[in-house]
Amino acid sequence: MADSKSLISRVVELGGREATVLEGTNLRVMIDDIGGMVPELSGLRGGEEGDSVHWINAHWMPWFRSNTGRPYTDTEHGSFWKSNLLYHIAGNFPCIPNFGPGHIVEGVPVPPHGWTSNQKWRYVTNDTDQQSGAIWFLSVMESPDKGFPLSFSKIDALIPGQAVHYTSIRVRNRGLADTEICAGWHNVVGSPFLYEGCRISGAAEKWITPPPGGEFDTTTRLALGAEFSSLSRAPLLRGGKTDLSIVPAPLGHTDFATGAVSRSAPLTWLGAVNPHLKMVYLSFATGPALEEEDTIALYFNNLWMQYGGRPFTPWAPYEGGPDLSYCLGLENSVSAFAYGLEFAREMRHVLGNPATVKIPAGGHKTLRSGVLFGPYGGEALDGGILVVQAEENRLACTGKETAFFAADPGFHILAALESHHV
């Protein structure tokens, strides 16, 4: 049955944005209608040594996020924000069918990170599942261009006793031809969860930085187009190595690295540990080993290390000004770096893994994912996570020791909700 403290509510947040809040005993999440943005994923901490129990938000809330309540227009806002996405951006958001900059695909203009992160999701209904006690809501979206005939159905859910936000996105192809797309989640953490000394870990077995010719050419401290086997030994542009697994203080660079997840991995995961707060943030999704005909598996970890390397708007308050944005992207996707759908279609594979997924004509595929945010005890994960194992009713995260978190990593409850409501 549902937890007595589980709540579902419709709210209007900053900037007049309509949103849905799901709240359980130890996790609260707010999901905007616009772009499916998740500006809040708050976990409970405290209660020891005189501290009061309080909510702490893991997600990035950019200083430049517009709160005027006015719709974005290129004429009024383009010179500063550059795009509708950056006008509304916050926290986590779904990226389909594009993962990267806006561009033309098959004659259709596709926005940065796709329609799912730019258009308004239409809220449909919410309920409490009588069997699992999960609280959930359904929202839907249609692509705005008939040249790309996709439709999307999204379920967001919390399960009692778990500090996990679950999301299912079903992608339907209403066209007469198969369509190759990119798909992913753009999880971004920020203050007060993120600060110097946090530890980054992922499922990837090997890593590569993007090739020259993209947005990181002028901001990178890392060698471009370079492969490396461990986050702890990433090659620098000017020679030497650096340890990407330890979050630095702001250092005047913005970098990106993609990691290929093993084809034998049942779970794709990427996370950060704050050893000072004793909290872990872990984004996870169906891994390559469990990909089925109607399932979207995510083949890549992506690290977007926004450590102050963009001296231009909207990251800086004026062109040439100081970058005021310090955040970390912990993203999972099927894509080619963050260079967009057309680039992914041309490249086909990155480090041996597919860069696109095919949605069959008249058919559908479903992306299932979760985000865990919660405390751990002792020093178990202070040095980061080495291994994540999916067990029947929990996630086992092993560092110095193993910390267990109640979860449904097989997404069985999410799949059951889909069968009745999508």
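Rules of the game
- Residues numbered from 1 in each chain as written.
- Predicted model: local features only at pLDDT ≥ 70, side-chain atom pairs only at ≥ 80, totals over all residues.
- Heavy atoms only, no water.
- Salt bridge = Lys/Arg side-chain N within 4 Å of Asp/Glu carboxyl O.
- Helix = DSSP H or I, 4+ residues; strand = E, 2+ residues; numbered from the N terminus.
- Buried < 20%, exposed > 50% of the residue type's maximum accessible area, 1.4 Å probe, protein only.
- Pairing = 2+ DSSP bridges.
- Polar contact = N/O pair within 3.5 Å; in protein donor to acceptor, adjacent residues only side chain to side chain.
- Contact = heavy atoms within 4.5 Å.
- Phe/Tyr/Trp six-rings, centres within 6.5 Å; stacked < 30°, edge-to-face > 60°.

Outline the pattern of salt bridges, listing residues and values.
Here the structure, examined in full by the defined rule, presents 19 salt bridges. Of the charged contacts in the structure, one is a salt bridge between Lys-120 and Glu-18, with a shortest N-O distance of 2.9 Å. In this pair, Lys-120 sits in the loop between strand E8 (108–110) and strand E9 (122–128) while Glu-18 sits in strand E2 (residues 17–23), placing the two residues 102 residues apart along the sequence. The shortest N-O distance in the salt bridge between Asp-32 and Arg-65 comes to 2.6 Å. Residue Asp-32 is located in strand E3 (residues 27–32), and its partner Arg-65 is located in the loop between strand E5 (54–57) and helix H1 (74–81); the two are separated by 33 residues in the primary sequence.

Would you mind going over the pairing of E2 in detail, with residue names and values included?
Of all the seven residues making up E2, six are buried; the element is thus mostly covered by neighbouring parts of the structure. Relative to E2, strand E1 (residues 7–13) runs antiparallel, the two sharing seven bridges. Within E2, the position partnered with Arg-10 by the bridge is Thr-20. Between E1 and E2, which pair antiparallel in sequence order, lie three residues; one of them, Gly-15, sits at a positive phi of approximately 75 degrees. One ladder, built from five bridges, connects E2 with E3; its direction is antiparallel. Residue pairing across strands places Thr-20 opposite Ile-31, the latter belonging to E3.

Explain the environment of Thr-258 to me, using residue names and the numbers behind them.
The residue Thr-258 is located in strand E21 (residues 253–260) in this model. Residue Thr-258 is classed as buried on the basis of its relative accessible area, which comes to 1%. Note: C-alpha distance between Thr-258 and Leu-351 (93 residues apart in sequence) is 9.3 Å. A polar contact of 2.9 Å, which involves the side chain of Thr-258, links it to the side chain of Asn-302.

Quick rundown of the side chain of Thr-219? Include the residues and the values.
Considering the arrangement of structural elements, one finds Thr-219 in the loop between strand E17 (206–208) and strand E18 (227–228). A polar atom in the side chain of Thr-219 sits 2.6 Å from the backbone oxygen of Thr-254. In this view, Thr-219 contacts His-253, Thr-254, Gly-309 and Arg-310; residues no more than four positions away in its chain are not counted.

Run through the packing of aromatic side chains, naming residues and quoting values.
If you walk through the whole model with that rule in mind, you get 22 aromatic pairs. Measuring from ring centre to ring centre gives 6.3 Å for Tyr-166 and Phe-411, while their planes differ by 85 degrees; the resulting arrangement is edge-to-face. Of this pair, Tyr-166 sits in strand E12 (residues 164–173) while Phe-411 sits in the loop between strand E33 (402–406) and helix H4 (412–421), placing them 245 residues apart in sequence. With 5.7 Å between their ring centres and 20 degrees between their planes, Phe-284 and Phe-411 make a pair best called stacked. Linking Phe-284 in strand E23 (residues 279–286) with Phe-411 in the loop between E33 and H4, this pair joins segments that are 127 residues apart in sequence. A single burial state applies to Phe-284 and to Phe-411, both of which are buried. In this structure an aromatic cluster arises from ring pairing among Trp-60, Trp-63, Phe-64, Tyr-72, Phe-80, Trp-81, Tyr-87, Trp-304 and Trp-315.

Could you give an account of the side chain of Ser-283, with specific residues and numbers?
Tracing the backbone through its elements, the reader meets Ser-283 in strand E23. Here Ser-283 falls in the buried class, since its relative accessible area comes to 2%. Engagement of the side chain of Ser-283 in a polar contact is seen with the backbone oxygen of Leu-330, the distance being 3.2 Å.

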